[in-house]
Amino acid sequence: DAKTTQPNSMESNEEEPVHLPCNHSTISGTDYIHWYRQLPSQGPEYVIHGLTSNVNNRMASLAIAEDRKSSTLILHRATLRDAAVYYCILRERANNLFFGTGTRLTVIP
Amino acid sequence: KAGVTQTPRYLIKTRGQQVTLSCSPISGHRSVSWYQQTPGQGLQFLFEYFSETQRNKGNFPGRFSGRQFSNSRSEMNVSTLELGDSALYLCASSPKQGLDYEQYFGPGTRLTVT
């Protein structure tokens, strides 16, 4: 399974923007970049995904580098409810998701 | 629209027993995937069903099996339980197969094997 690299943890102040980086240098042309998050005691939650172009939805934005070897999940105004583990995932085949260790985001009031 | 539901939410079993977990996907979703989450191994893919057929399988022993019914509901079975099977088992549904579709996860079933 294609590998992604994320920082183990990050902190952000409440109501500040958060930029969560992800490196995926071995990405192939057909791999989609997906982001999920897992709040404490809950199942993972879909956040956003993209292939080549930047994407926006009500939860976040996804900025994809031109060479696609890295991407950044942007939370425009972090709230306490955004404290979670964020997973950057490359979907390369079939329908399964390969979860790495993710980035634990702490939001400071 | 109701989300993915899993039953039971909590389960305690004894080593050597078997267990069946149930998952009801979001209405209209035809793909159901199962994952195991443990503190040591994180989230790991078990298998995926689409149109009542297993389409993809992770690296788990044959004691782990599943099936999908015509209404897309799915069950997962673990036979001859081992202590290491204690985990949170998560089910996820997706409207179709394919890399461009997101998965929606249920709250999970927490299995404890004693």
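Residues numbered from 1 in each chain as written. Chains lettered and ligands numbered in written order. Predicted model: local features only at pLDDT ≥ 70, side-chain atom pairs only at ≥ 80, totals over all residues. Heavy atoms only, no water.

Comments concerning the overall build of chain B
Threshold: Think of it this way: any DSSP run of H or I at least four residues long counts as a helix, any run of E at least two long counts as a strand, and we number them from the N terminus. Our radius of gyration is a C-alpha quantity, and the globule rule it is checked against amounts to 2.2 Å times the number of residues to the power 0.38. Relative accessibility thresholds used throughout: buried, under 20% of the residue-type maximum; exposed, over 50%; partly exposed, between the two (1.4 Å probe, protein chains only). Only heavy atoms enter the contact rule, under which two residues are in contact if any of them lie within 4.5 Å.
Of regular secondary structure, chain B possesses zero helices and eleven strands. In chain B, the order of α-helices and β-strands from amino to carboxyl end is β-β-β-β-β-β-β-β-β-β-β. Taking 2.2 N^0.38 as the reference for a compact globule, 114 residues should give roughly 13 Å; the C-alpha atoms of chain B span a radius of gyration of 13 Å, in line with that estimate. Taking the principal axes of the C-alpha coordinates as reference, chain B spans close to 40 × 25 × 25 Å. Classification of the 114 residues of chain B by burial places 49% in the buried group. Considering only intrachain contacts with a sequence separation of at least 6, the fraction spanning at least 24 residues in chain B is 54%.

Here we look at the packing of aromatic side chains
For the record, the criterion: Each Phe, Tyr or Trp ring, with Trp reduced to its six-membered ring, pairs with another whose centre is within 6.5 Å; inter-plane angles below 30 degrees give stacked pairs, above 60 give edge-to-face pairs, and intermediate values give tilted ones.
The tally for this structure, following the rule as stated, stands at ten aromatic pairs over all chains. Ring geometry for Y36 of chain A and F105 of chain B: centres 6.0 Å apart, planes at 85°, overall edge-to-face. Of this pair, Y36 of chain A sits in strand β3 (residues 32-38) while F105 of chain B sits in strand β10 (residues 104-105), which puts the two residues in different chains. Grouping residues by exposure puts Y36 of chain A and F105 of chain B together as buried. Ring centres of Y35 of chain B and F45 of chain B lie 5.6 Å apart, and the angle between their planes is 65°; on these two criteria the pair is classed as edge-to-face. Linking Y35 of chain B in strand β4 (residues 31-38) with F45 of chain B in strand β5 (residues 42-50), this pair joins segments that are ten residues apart in sequence.

Digging into the sheet that holds strand β9 (residues 103-108) of chain A
Residues and elements named next belong to chain A. Formally: Paired strands, as defined in this entry, are two strands with at least two bridges between them according to DSSP. As a rule, the C-alpha atoms of each element are fitted with a line to give its axis, helices using only the stretch in contact, and angles between N-to-C directions run from 0 to 180 degrees.
Read from one edge to the other, the open sheet built from five strands follows the order β1-β9-β8-β3-β4, with strand pairing classed as mixed. Of all strands in the sheet, those bounded by a partner on one side alone are β1 (9-13) and β4 (45-50). When strand polarity is set aside, the average angle formed by the axes of neighbouring strands in this sheet is 25°.

Concerning the sheet that holds strand β7 (residues 64-68) of chain B
Residues and elements named next belong to chain B. Across the sheet, four strands lie side by side as β1-β3-β8-β7; this open sheet has antiparallel pairing. The sheet terminates laterally at β1 (5-7) and β7, the two strands that pair on one side only. Strand-to-strand, the axes of this sheet are offset by a mean angle of 20°, without reference to chain direction. Bridge count between β1 and strand β3 (residues 19-24): three bridges; the pairing is antiparallel. Bridging across to β3, Q6 finds its partner in C23.

A few points about the interface of chain A and chain B
We apply this condition: What gets called buried area is simply the loss in accessible area from a 1.4 Å probe that two parts show on being joined, summed for both. Here a polar contact is recorded for every N or O atom pair within 3.5 Å, except that within protein the pair must consist of a potential hydrogen donor and a potential acceptor, and residues adjacent in sequence are included only if both atoms are side-chain atoms.
On the chain B side, the residues contacting the 18 residues of chain A number 21 residues. Overall, the association of chain A and chain B removes approximately 1600 Å² of surface from exposure, summing both partners, and the carbon and sulfur fraction of that is 51%. Where chain A packs against chain B, one counts two residue pairs in polar contact (both at pLDDT 80 or more). Secondary-structure elements contributing two or more residues to the side of chain A that touches chain B are β3, β4 and β8 (84-91) of chain A.

Remarks on the pattern of salt bridges
The line we're drawing: One side-chain nitrogen of Lys or Arg within 4 Å of one carboxyl oxygen of Asp or Glu is enough to make a salt bridge.
Taken as a whole and judged by the stated rule, the model has seven salt bridges over all chains. Where E82 of chain B meets R63 of chain B, a salt bridge forms, and the shortest distance between an N and an O atom there is 3.6 Å. Residue E82 of chain B is found in the loop between β8 (74-78) and β9 (87-94), and its partner R63 of chain B is found in the loop between β6 (53-57) and β7; the two are separated by 19 residues along the sequence. What makes R63 of chain B buried here is its relative accessible area of 16%. Note that E75 of chain B is salt-bridged to R67 of chain B, the shortest N-O span being 3.2 Å. On the basis of relative accessibility, which here comes to 17%, the residue E75 of chain B falls in the buried class. The partly exposed category is assigned to R67 of chain B, whose relative accessible area is 46%. A cluster of three or more residues bridged by salt bridges with shared partners is formed by R37, E45 and D82 of chain A.

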